[in-house]
Amino acid sequence: MSEAESTQQLILDTAGRIFADHCDKQLLDKAEQGELAQALWAQIAENGFNHLGTADSGTDVVDMFAFIQLCGNHAVPLPIAETLLVNNWCGAGDGLYSIGEVADGKIVNVPWGRVAQKVVGVRRDDHTVVVVEDPKVVEQGSNLAGEPRDVIALPADAEQLQIAVDPYAQLAVARCNQIAGSVLKMLDLGVQYSTERIQFGRSLSKFQAIQHSLAVVAAEAAAAKRAADAAADSLQGDRFIFDVAASKARVGEAATVVEEQIHQVHGAMGFTHEHQLHHYSRRAWAWRDEYGNEFYWQTVLGTHMAALGADNVWSFIATRG
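None of these values were measured; they are calculated from a predicted model. (Residues numbered from 1 in each chain as written. Predicted model: local features only at pLDDT ≥ 70, side-chain atom pairs only at ≥ 80, totals over all residues. Heavy atoms only, no water.)

Draft legend 1. Examining the side chain of Glu294 more closely. Within the secondary structure, Glu294 is located in helix α10 (residues 294-308). Arg288 is the oppositely charged side chain nearest to the buried, salt-bridge-free Glu294, at an N-O distance of 4.5 Å. With residues up to four places along the chain from it excluded, the contact list for Glu294 reads Ala249, Gly252, Glu253, Thr256 and Arg288. (Helix = DSSP H or I, 4+ residues; strand = E, 2+ residues; numbered from the N terminus. Buried < 20%, exposed > 50% of the residue type's maximum accessible area, 1.4 Å probe, protein only. Lys, Arg positive; Asp, Glu negative; His and termini not counted. Salt bridge = Lys/Arg side-chain N within 4 Å of Asp/Glu carboxyl O. Contact = heavy atoms within 4.5 Å.)

Draft legend 2. Structural context of the layout of surface pockets. There is about 260 Å³ of room inside the largest pocket. Lining the largest pocket are 15 residues, with Gln8, Ala66, Gln69, Lys225 and Asp229 sitting closest to its centre. Looking at the lining of the largest pocket, the element that brings in the most residues is helix α4 (residues 61-73), giving six residues. Reported here for the second largest pocket is a volume of approximately 220 Å³. Together, Ala230, Arg239, Phe242, Asp243, Ala246, Ser247, Leu301, Met305, Phe316, Ile317 and Arg320 line the second largest pocket. Ranked by residue count, the leading element in the lining of the second largest pocket is helix α8 (residues 240-266), at four residues. For the lining of the second largest pocket, the residue count by class is seven nonpolar, one polar and three charged. (1 Å grid on protein atoms, 1.4 Å probe; cavity = no way out; pocket = protein on both sides within 12 Å on 5 of 7 lines; lining within 4 Å. Points joined across faces, edges and corners; volume = space filled by probe spheres on them. Nonpolar A, V, L, I, M, F, W, Y, C, P; charged D, E, K, R; others polar.)

Draft legend 3. Local environment of α10. With 15 residues, α10 ought to run about 21 Å at 1.5 Å a step, and its terminal C-alpha atoms sit 21 Å apart, in line with that. Looking only at α10, the buried set comprises Glu294, Tyr296, Trp297, Leu301 and Met305. Looking at the buried side of α10, the elements it contacts are α6 (167-196), α8, α9 (277-289) and α11 (310-318). The opening residue of α10, the one whose side-chain oxygen lies 3.2 Å from the backbone nitrogen of Phe295, is Asn293. Directly beyond the C-terminal end of α10, a positive phi value near 90 degrees is found at Gly309. (Expected span 1.5 Å × (residues − 1). Polar contact = N/O pair within 3.5 Å; in protein donor to acceptor, adjacent residues only side chain to side chain.)

Draft legend 4. The sheet that holds strand β6 (residues 149-153), seen in detail. Strand order in this open sheet of seven strands is β5-β6-β2-β1-β3-β4-β7, and the pairing throughout is mixed. One side of each edge strand has no neighbouring strand; the edge strands of this open sheet are β5 (137-139) and β7 (159-162). Neighbouring strand axes in the sheet, compared pairwise and without regard to direction, differ in orientation by 40 degrees on average. In terms of strand pairing, β5 meets β6 through two bridges, oriented antiparallel. What sits directly across from Val137, in β6, is Ile152. Each of β1 (97-103), β2 (106-111), β3 (118-123), β4 (126-133) and β6 touches α6; the most contacted strand, β3, lies at about 110 degrees to it. (Pairing = 2+ DSSP bridges. Axes fitted to C-alpha atoms, helices over the stretch in contact; angles between N-to-C directions.)

Draft legend 5. Local environment of the packing of α10 against α11. Put simply, α10 and α11 touch, their axes get as near as 7 Å, and they point 130 degrees apart. With respect to their mutual orientation, α10 and α11 come out oblique. Two secondary-structure elements touch here, α10 through Leu301, His304, Met305 and Leu308 and α11 through Asn312, Val313, Phe316 and Ile317. (Parallel < 35°, antiparallel > 145°, perpendicular 65-115°, else oblique.)

Draft legend 6. Structural view of the pattern of salt bridges. Under the criterion given, the structure shown has twelve salt bridges. Across the pair Glu32 and Arg282 runs a salt bridge whose closest N-O atoms are separated by 2.5 Å. In this pair, Glu32 is assigned in helix α2 (residues 25-32) and Arg282 in helix α9, connecting sequence segments 250 residues apart. When its relative accessible area of 21% is taken as the criterion, Glu32 is described as partly exposed. Residue Glu290 is joined to Arg175 by a salt bridge in which the shortest nitrogen-to-oxygen separation is 2.7 Å. Here Glu290 is found in the loop between α9 and α10, whereas its partner Arg175 is found in helix α6, with 115 residues between them in sequence.

Structure below.
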């Protein structure tokens, strides 16, 4: 294992222990009621995880996205992906930050905008972002998973900042990794439930139909993780947008299949609020549509490939760069 790989594994092992101690069903239920996980955030900041990928952190963006994937695996109820990206774009700070989309003179769909100390607004196909210090909440809302999604006022004199790598696409990579982490968690829950649940004198895992469903889920989870990792690896490449397009579309498709299959494995139990499965499946559903759904990114990729012409499509598919 290389030094870089060892560093990343140390980060993930340490963060994993913190998340395992904090991210239980009780915490996630409270977060859906709008309660900020202060103790969890304090642990993240104390260990410097909020600075991953920044210039002076000794880590890179691959480490950052691996951490974001782990956050998805534990359904971390904080705008941690947004905070990390803001610190990478605007310079490292110690606050809790967030990001939303600029629309109709406001910044919309801002995760935990009500507690954010800084909010960045992005637009599709635009490398210029707006930075709002001490943001003012216009409207509070939530997504399908119960995660806060607020509307923030956009001052006319808000600072504008140019980002080298498409910020909208970087957010899509973050969602790719969060979904991949969630999908892997759903696989673990399905395996655990099918092993423990006894039906007709034997565990569910002994039934061929359940084995088939879990095999499908395992294949889709592996594809989602590979796609998410590939998107993160491509950040500095010339084909970044197209790699993101392929990855976000593939991860979204995997989430659809996994959610369907894993809820069937759990039967009626998986649809109850008392079971933890919904905290992951609803997040994957919500994240799938944020920063471009499958149709949006398939259109981006398909339009580019159509413009290449028939003689150039294969070389585009079969080569890197």
